[in-house]
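As a plain string of letters, each chain reads:
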Amino acid sequence: MKRWVWLGLVGLLAACKEEEPPPDPGPGPVVNPDCTSASGQELPTDGFPSLSMALESEEPEALDGRESFLIRYRQNVSAMAAREAEDAVTRAGGRVTARWARLGAVAARLTPEERADLARNPDVLTIERDRPVRAFARQPLSTTGTVGEYTEGLKLVQAPQVWDENNDGTLDTAAPNGTGIKVCVIDSGWDNRQPELVAAYAGGKDFVDDDEEPLDFEKNNGVWGGGHGTHTAATIVAQLGAHGVANPAEDPNGVAGVAPGVELYVARVLNIRGNGSTADIISAVEWCTQQGAKVLSLSLGSPDRSTIEEAAFRAAAQAGVLPIAATGNSGTGDPNTEPGVSFPAAYDDVLAVGAVNFNSEHPTFSQIGPEVALVAPGVDVLSAVILGSDSFSQIDVDGRTFESRSLSYSPLGEYLGKMLVCGLGDSRSACGEEASCDGFVAYVDRGGQDADGVGLTFAKKVTFMRRAGAKAVIIGNNDPSDGIGSFTLGSDGTWVPTASISYADGTALKALKGKDAKVKLVGVDYARLSGTSMATPHVSGVAALVWSARPSLTASQVRQVLLDSAKDLGTPGRDNTFGYGLVQAKAALDRLSTIP
């Protein structure tokens, strides 16, 4: 998947000429030399990409003519069956890459001829393509923090009411906080430098690089990922009193997790681009189960079912594990075009989680269907990310400070110069004759279309402004009800510092045309993200709280407690949008009193 918050840490590009600049993305008389160039895209108005259905694809390399398949045999599930399966693949010439004895199945790379040979084997039950998947007993380090670490999402699911009843910023003695419960986050890995997670980490495995260091990091080129796995893990287990560099607009002490006492296990199955394979998920589910994890948290998925993956989750559930997964972010809001719940969330043995905003309203991106069990906060959720990968922005014009938000993928940096008003930013000439390669701050309004009638993305606007010579860009929202907005440039690139402001402030800025403006973006260790990815760990954390309060419960009992105690939303009773409702930690703990 595209990285959610990766903000390229490149310096400001002060170049009026670049080798082989790309074609001009639109018409208009050339007022200034072509100062610079870039490309990218704008996300939908909610400002965030889809979890797993609209993410960039990445097929495994097949330089040897082979592709990856999942093969299951008819024999009873046993070590002998798995060995026979592996031997049969080897005899056919295939290369086994993973084996699951409990399932009587293997993953293997096969040529078309080898696959056909195996398909003729009467003992072969199924041969499936290894479909891609995407992005989608310990006490806490400290029992004391501040109530400022209690995020909107944390409070909406009632977590502080469980372990800080008097709301003094200190964990209550003997209150359930997840202690003794192992939670395995199957995602893109983590940042082992993140103070919010270090004390909670109990072990991990990297199924992408096949080692014991599940870092959200591309070891070959030293590039960190987008922090998706770090964000979801911190939502579960961020520590009170431990913090990184916070946005000045947020609490300086960072955030607290729903269940700060859990033991965190990390299984990396997604690379830094957010892509992964079914085989790695199956292996991760088996590994997490072997570690004794009670809860599996998966903020990822695919639109397609896999019978072998489904069997893996069934086996985990039979072993006493509660798998929890995101429904997906490709919802349309139109019942006629809704894609349904993604997999693995749609499997019977997995608890499917959709998203709501902080007003408990349904965002259209959250996929719906009969499999939806619960909902949780999934819009603008604050949590920890890769150190320095997010940023906060500061905009000052003519001595006035304006509230703003940096665009994802915008580089860090600071620029002070004259502000020019550039309309919709739809061409290099939009800023007029004052534009110069010597630099300026460009103010543009959101919206508009290019010469081909295609909507002007933020990336296109910034491209035009850079080519006109702008060294920083301010984007005014065109929707008075949308506030500042949460936007992105869509991908890494040679951008300039770019931030958005509200419609009202944009109107005020236009009156300051020609005044000195400063745009400054500074790196921080926390970010607000949206998606069912963010909702899922809230439910995983509440499940851990329930289990830590009553360790003798079975997975099915914990699941039922969560469903029975949820806050009903929408149509009375269970529905396809909210499931049984908003997960509630305090209500779930109270519900335990009814269970012998």
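About the thresholds
- Residues numbered from 1 in each chain as written.
- Predicted model: local features only at pLDDT ≥ 70, side-chain atom pairs only at ≥ 80, totals over all residues.
- Heavy atoms only, no water.
- Helix = DSSP H or I, 4+ residues; strand = E, 2+ residues; numbered from the N terminus.
- Buried < 20%, exposed > 50% of the residue type's maximum accessible area, 1.4 Å probe, protein only.
- Areas by Shrake-Rupley, 256 points an atom, 1.4 Å probe, with all protein chains shown as cover.
- pLDDT = per-residue confidence, 0-100.
- Contact = heavy atoms within 4.5 Å.
- Pairing = 2+ DSSP bridges.
- Axes fitted to C-alpha atoms, helices over the stretch in contact; angles between N-to-C directions.
- Core = buried A, V, L, I, M, F, W, Y, C linked by side-chain atoms within 4.5 Å.
- Salt bridge = Lys/Arg side-chain N within 4 Å of Asp/Glu carboxyl O.
- Disulfide = S-S within 2.5 Å.
- Left-handed = near helix turned anticlockwise from the far one by under 90°.
- Nonpolar A, V, L, I, M, F, W, Y, C, P; charged D, E, K, R; others polar.

Looking only at helices and strands, the chain has 13 helices and 25 strands in total. Residues counted as buried form 59% of the 596 residues belonging to the chain. Accessible surface, the chain: about 22,100 Å² in total, of which carbon and sulfur atoms supply 48%.

Close inspection of predicted coordinates is inappropriate in any region flagged by low pLDDT. Averaged over every residue, the pLDDT of the chain is 86; the share at 70 or more is 86%. Within the model, pLDDT remains below 50 along residues 37-63, and this stretch shows 98 contacts once partners closer than five positions in the same chain are excluded. Confidence drops under a pLDDT of 50 for residues 137-141, and excluding neighbours within four residues, the segment shows 23 contacts in the predicted structure.

Read across the open sheet, the 4 strands follow the order S2-S3-S1-S4; overall the sheet is antiparallel. The open sheet has two edge strands, strand S2 (95-100) and strand S4 (124-129), and neither has a second partner. Across the sheet, the mean angle separating the axes of adjacent strands is 25 degrees when strand polarity is ignored. Judged from the 5 bridges that link them, S2 and strand S3 (residues 105-110) form a sheet pairing that is antiparallel. Bridge pairing in S3 places Arg99 opposite Val106. Its contacts with the sheet put helix H7 (residues 278-290) on strand S1 (67-73), S2 and S3, and the angle it makes with S2 is roughly 35 degrees.

Glancing now at the nonpolar core. Grouped together as the largest cluster of nonpolar side chains are 66 residues, with contacts concentrated most on Trp163, Leu374, Val539, Val546 and Leu562. In terms of residue count, the dominant contributor to this core is helix H11 (residues 532-549) (8 residues). Beyond its immediate sequence surroundings of up to four residues, Val546 is in contact with Leu553, Val558, Val561, Leu562, Ala588, Leu589 and Leu592. In this structure, Val269, Ile281, Ala293 and Leu296 belong to the second largest nonpolar core, which totals 29 residues.

Overall, mixed pairing links the 8 strands, which are arranged S18-S17-S24-S20-S21-S22-S23-S19 in an open sheet. Looking at the sheet topology across the chains shown, the edges are occupied by strand S18 (400-402) and strand S19 (405-406). Of the pairings in the sheet, the one linking strand S20 (residues 413-421) to strand S24 (residues 516-524) comprises 6 bridges and is antiparallel in character. In the sheet register, Gly417 faces S24, and the bridge partner there is Ala517. Running at roughly 145 degrees to strand S21 (residues 441-445), helix H9 (residues 458-468) makes contact with S21, strand S22 (472-476) and strand S23 (498-501) of the sheet.

Below, the discussion takes up the pattern of salt bridges. For the structure shown, the criterion picks out 22 salt bridges. Between Glu250 and Arg528 there is a salt bridge, with the nearest N and O atoms lying 2.9 Å from each other. One end of the pair, Glu250, is in the loop between helix H6 (228-237) and strand S10 (263-268); the other, Arg528, is in strand S25 (residues 526-529), with 278 residues separating them in the sequence. Judged by its relative accessible area of 23%, Glu250 is partly exposed. Take Arg528: its relative accessible area is 16%, and that puts it in the buried class.

Taken as a whole, this structure holds 2 disulfides when the rule is applied. The disulfide that involves Cys184 links it to Cys288, with 2.0 Å between the sulfurs. Between Cys184 and Cys288, the S-S torsion sits near -45 degrees, and that sign places the bridge as left-handed. In this pair, Cys184 is assigned in strand S6 (residues 182-187) and Cys288 in helix H7, connecting sequence segments 104 residues apart.

Here H11 crosses helix H12 (residues 555-564) at 115 degrees, and the two axes come no closer than 10 Å. The element H11 and its partner H12 pack so that their crossing is right-handed. In contact with Val539, Val542, Ala543, Val546 and Trp547 of H11, H12 contributes Ala555, Val558, Val561 and Leu562. Among the residues forming the contact of H11 with H12, the class breakdown is 9 nonpolar, no polar and no charged.

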